[in-house]
Amino acid sequence: MFSASENSATRGFRFEVLATDPTGARLGRLTTPHGVIDTPAFMPVGTAATVKGQTQQDLENLGVQILLSNTYHLYLRPGHELIRKLGGLHKFMSWPGAILTDSGGFQVFSLSELRKVTDEGVTFRSHLDGSEHFLSPEKALEVEIALGSDIVMVLDECIEAPSPESRTREAAARTLSWARRSKEYFSHHCDPEKQMIFGIVQGGTYAALRRENADALVDLDFPGYAIGGLAVGESHAITCEMAAIAASRLPQDRPRYLMGVGKPEQIPDYVALGIDMMDCVLPTRSARHGCLFTSQGRLLIKNAQYIADERPIDESCGCAVCRRYSRAYLRHLYASGEFLATILNTHHNIYFYLDNMRKIREAIRFGNLEKFRSDLQARLK
RNA sequence: GGACGGGUGGGUGAGUGGCUAAAACCAGCAGACUGUAAAUCUGCCGCUCCUUGCGGGCUACGGAGGUUCGAAUCCUCCCCCGUCCA
């Protein structure tokens, strides 16, 4: 049992590891000003201050404790100063739970054609109107502080994997120096009882770089740590190998967030490496594209085979959609391009992810995550 | 009865002598999606054969003939559909 409650940097926050599993998985609890988060936790992605297709009430009903939003996107529209004036992001979007904001580091990767990176920061050409914007580590934090998210991420440089070692080394070094600047800026401009800052480990697919970067980052003493730059092109085996190296270097008493993962069958792998938090666009985006996650694997609801199928998406799912609607109806909605398809599909997929997480926590509690994992992976193959 | 305009693959609709099994879009079928430029993107979409190859054969642009080395494209007749005039 570890606790970070003594750490002055996390006074308003508290992270406790309640149990561990033989695999190395941790059952924990992260307390924030906007509620408690049971870990390992899955965080649905709400980039533009909305989880596409779900109302905040839906998310509450689903049991979402924390969701992700995005610095870059909210900075561009509607603007962080506006959100500050309107009482911060929680109030603006009427979300009572916790919020983690990504810094824009992922947009360094995903908008690679629209940006230029220097040691000072990143110049973006807005994907909305082409206007130019400069995001430095300090600026990212300024925005995140204005938004008032519970957990703020430092700006990092996320690059494609695999990338050449020299390029990876450069990005990792830059990310580290930005982390140092971020820590400094945060300490002067932010109340650590209101917001918690996470540093991000980079280092691509190179074990030595990951080790070195993680160690240097830990020296900066962040209250929480993320592992970034993974699941961006490399194999799942490499993702795990890199996450394992990074996680093994991080302090036991701080939360660990593996950014941007993953597929349902991969989640237990990450949890077994000691990861406490994850986020992924997969449940929400896939839902919009008609890909539903079930206990028996993926189900593409648009397939002709479901045209007259009266069964629910997943016989063993307890979600509101599975309790009420047939595959035939959901297929019809999808094929017709109806809004309700997105709403119902998204609801089911988020439920599936959260339920999967609940079961994982349960497994850790009983020390049998390994069995859970092999059962899950056998079913989803 | 007359004058124009038009009939193209499941639909809409390009094409007006060879590069056309025939654009594009839709529909249909299948797949992808991992810190969201994604209600997006990709592939297939006449039939058939195999030694699966930028392969072979067959059928196809209302119908039947014809011109031509070659026709969805030109000519003749016929059948349908619009619009207008009687």
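In the block above lies the structure referred to throughout.
## Some details on the overall build of chain A
In step 1: Scanning chain A for helices and strands turns up 15 helices and 17 strands.
In step 2: The C-alpha atoms of chain A give a radius of gyration of 20 Å, which matches the 21 Å a tight globule of 381 residues would have.
In step 3: Its C-alpha atoms give chain A principal-axis dimensions of roughly 60 × 50 × 40 Å.
In step 4: Excluding contacts between residues fewer than 6 apart, the proportion of contacts in chain A whose partners are at least 24 apart in sequence is 68%.

## Regarding the pairing of strand β15 (residues 277-280)
In step 1: Side chains Met277 and Asp279 project from β15 onto one buried face, and the interleaved Met278 and Cys280 project onto a second face that is buried too.
In step 2: For strand β5 (residues 41-44) and β15, the ladder comprises four bridges, and the chain directions are parallel. Directly across from Ala41, in β15, lies its bridge partner Met277.
In step 3: Bridge count for strand β14 (residues 256-258) against β15 is two bridges, and the pairing is parallel. The partner of Tyr257 across the bridge, within β15, is Met277.
In step 4: Of the crossover connections in this fold, the one passing from β14 over helix α10 (residues 267-272) to the parallel β15 is right-handed.

## With respect to the packing of helix α13 (residues 327-335) against helix α14 (residues 339-365)
In step 1: Where α13 contacts α14, the axes come no closer than 7 Å and their chain directions differ by 130°. By the criterion of interaxial angle, the relationship of α13 to α14 is oblique. For the pair α13 and α14, the crossing hand works out as left-handed. Between α13, through Leu330, Leu333 and Tyr334, and α14, the contact on the second element is made entirely by Leu340, Ala341, Leu344 and Asn345.
In step 2: Here the residues of the contact of α13 with α14 sort into six nonpolar, one polar and no charged.

## Some details on the protein's contact with RNA strand B
In step 1: Near RNA strand B there are 46 residues, and of these Ser110, Cys158, Gly260, Val281 and Cys291 occur at the shortest range.
In step 2: Those elements giving two or more residues to the surface near RNA strand B turn out to be β6 (66-70), α5 (105-110), β15 and α11 (282-288).
In step 3: A class-by-class count of the residues in the surface near RNA strand B yields 19 nonpolar, 18 polar and nine charged.

## Some points on the packing of helix α7 (residues 165-189) against helix α8 (residues 207-219)
In step 1: Across the interface, α7 lies against α8 with an axial gap of 10 Å and an inter-helix angle of 5°. The pairing of α7 with α8 is recorded here as roughly parallel in orientation. Contacts from Thr168, Arg169, Ala172, Leu176 and Ala179 of α7 reach α8 at Leu209, Asn213, Ala216 and Leu217.
In step 2: Tallied by class, residues from the contact of α7 with α8 come to six nonpolar, two polar and one charged.

## Side note on helix α15 (residues 369-380)
In step 1: Over its twelve residues, α15 runs 16 Å from end to end, which matches the ideal 16 Å to within 8%, given 1.5 Å per residue.
In step 2: Along α15, the positions that sit buried rather than exposed are Leu369, Phe372, Arg373 and Leu376. Take α15 and look down its axis: the buried residues cluster within an arc of 100°, on one side only. Residues Lys371, Ser374 and Ala378 are exposed on α15 and point more than 90 degrees away from its buried face.
In step 3: Where α15 is buried, its residues meet α10 and α14.

## Things to note about unusual backbone geometry
In step 1: With an omega of -5°, the peptide bond between Ala161 and Pro162 qualifies as cis.
In step 2: Relative to the elements of secondary structure, Pro162 occurs in the loop between β11 (151-153) and α7.
In step 3: Here Val261 and Gly262 are connected by a cis peptide whose omega angle stands at 5°.
In step 4: Considering the arrangement of structural elements, one finds Gly262 in the loop between β14 and α10.
In step 5: Positioned with a positive phi, Ser94 is a non-glycine residue whose angle comes to about 55°.
In step 6: With respect to the secondary-structure elements, Ser94 resides in the loop between α4 (89-93) and β7 (98-102).

Rules behind the numbers
Residues numbered from 1 in each chain as written. Chains lettered and ligands numbered in written order. Predicted model: local features only at pLDDT ≥ 70, side-chain atom pairs only at ≥ 80, totals over all residues. Helix = DSSP H or I, 4+ residues; strand = E, 2+ residues; numbered from the N terminus. Rg over C-alpha atoms; globule rule 2.2 N^0.38 Å. Contact = placed C-beta atoms within 7 Å. Buried ≥ 20, exposed ≤ 12 C-beta atoms within 10 Å, placed from the backbone. Pairing = 2+ DSSP bridges. Right-handed = clockwise from strand over helix to strand, strands pointing away. Axes fitted to C-alpha atoms, helices over the stretch in contact; angles between N-to-C directions. Parallel < 35°, antiparallel > 145°, perpendicular 65-115°, else oblique. Left-handed = near helix turned anticlockwise from the far one by under 90°. Nonpolar A, V, L, I, M, F, W, Y, C, P; charged D, E, K, R; others polar. Near = placed C-beta within 6 Å. Expected span 1.5 Å × (residues − 1). Arc of directions from axis to C-beta.

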